[in-house]
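Coordinates in review
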Amino acid sequence: MTKPTSVVQKFLCFPGKIVSWLVIPLALSIVLSVIAARQGWSVLIDWEGSVPLFGEALTVNSLVDLQWYIFSAIVLFGGIWAHLEDRHVTVDFVALGFSPRLRTMISLFGNLFLLLPLCLLVMWFGSKFAMTAFATGEGSIQGGLTAHWLIKGALPVSFGLLGVAALLRAAQALRQLITKQYGDTYDATHTTGD
């Protein structure tokens, strides 16, 4: 991997590495919401005025909303990291029977003609989705979080980064096809490290 490619890959993986730490607050939020539900609490903390994202109180519904915000961020940005480091799901039992050249050609095709168009569609429609949520001030009507545009905005951003990752992986595959130096990305012992 060339130095510029390595820098771009690290940049694209960085958000996934950061949001992976959100597993801890996700677990704590789940435990707290279960305890609160068991105790019959609906409002955990309230305050004067409005706080961004939380509104006028921290409620059980706020915790539930927060859980899907965190889970969504982990999936959206963690997926980029998994894709770039070949830790995503593949059909290994089929791919192992293919030659390294054929696997590289499939990677090139999949990234350019399947993943990239999907990313462009999600970016296009996801941006409209997030802008509508922002313009209307969409939030939970059940006492949850007040800024749904934040997580809806993460959709086009993450798919934009995934699209760049698809271009990067396609460029790597093209380089391998031209130089006839195929990396065996389907080796079970393969790890790229952090």
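Scroll up to find the structure.
Residue indices follow the written sequence of each chain, beginning from 1 at its first position. It should be noted that, the model being predicted, local features are given only for residues of pLDDT at least 70 and side-chain atom pairs only at 80 or more, the latter also being counted only at that level, while totals for whole chains, interfaces and linings use all residues. Working from all heavy atoms in the structure, the side-chain values ignore hydrogens and water.

This part covers the packing of aromatic side chains. Only Phe, Tyr and Trp rings are paired, with Trp represented by its six-membered ring, and only when their centres lie within 6.5 Å; those with planes under 30 degrees apart are stacked, over 60 edge-to-face, the remainder tilted. This structure, assessed with the given rule, holds three aromatic pairs. Taking 5.4 Å as the distance between ring centres and 35° as the angle between the ring planes, the aromatic pair formed by Phe 109 and Phe 113 counts as tilted. Of this pair, Phe 109 and Phe 113 both sit in helix α5 (residues 100–136), separated by four residues, roughly a single helical turn. The rule is simple: take the accessible area with a 1.4 Å probe, protein chains only, and divide by the maximum for that residue type; under 20% is buried, over 50% is exposed, in between is partly exposed. Given a relative accessible area of 54%, Phe 113 falls into the exposed group. Aromatic side chains Phe 134 and Trp 149 sit 5.1 Å apart centroid to centroid with 85° between the ring planes, which places their arrangement in the edge-to-face category. For helices the rule is a DSSP run of H or I covering at least 4 residues; for strands it is a run of E covering at least 2, with both sets numbered from the N terminus onward.

So, about the packing of helix α3 (residues 60–84) against helix α6 (residues 148–179). Axis separation between α3 and α6 bottoms out at 9 Å; the angle between their running directions is 5°. Taken together, the axes of α3 and α6 lie roughly parallel to each other. In this classification, the charged set is Asp, Glu, Lys and Arg, the nonpolar set is Ala, Val, Leu, Ile, Met, Phe, Trp, Tyr, Cys and Pro, and all remaining amino acids, among them Gly, are polar. Of the residues contributing to the contact of α3 with α6, the split by class is 18 nonpolar, four polar and two charged. An axis is simply a line fitted to the C-alpha atoms; with a helix, the fit covers only the stretch in contact. Between two such axes, the angle follows the N-to-C directions and lies from 0 to 180 degrees. Reported orientations rely on four angle classes, namely roughly parallel under 35 degrees, roughly antiparallel over 145, roughly perpendicular from 65 to 115, and oblique for the rest.

This part is about the pattern of salt bridges. Think of a salt bridge as a Lys or Arg side-chain nitrogen and an Asp or Glu carboxyl oxygen that are within 4 Å of each other. For the structure on display, the rule yields two salt bridges. When the shortest N-O distance is used, the salt bridge between Arg 169 and Asp 86 registers 3.0 Å. Taken as a pair, Arg 169 in helix α6 and Asp 86 in the loop between α3 and α4 (92–95) lie far apart in primary sequence, 83 residues in all. Between Lys 152 and Glu 138 there is a salt bridge, with its nearest N and O atoms 2.6 Å apart. Of the two residues, Lys 152 sits in helix α6 while Glu 138 sits in the loop between α5 and α6, which places them 14 residues apart along the sequence.

Relative to the helices and strands, Ser 107 resides in helix α5. Between two residues, a contact is recorded if the distance between any of their heavy atoms is within 4.5 Å. Not counting residues up to four positions away in its chain, the partners in contact with Ser 107 are Arg 169 and Ala 173.

Positive phi, close to 80°, is recorded for Leu 53, a residue that is not glycine. Along the chain, the position of Leu 53 falls in the loop between β1 (43–51) and β2 (55–59). Phi at Lys 180 takes a positive value of approximately 60°, unusual for a residue other than glycine. Take Lys 180: it is sitting in the segment after α6.

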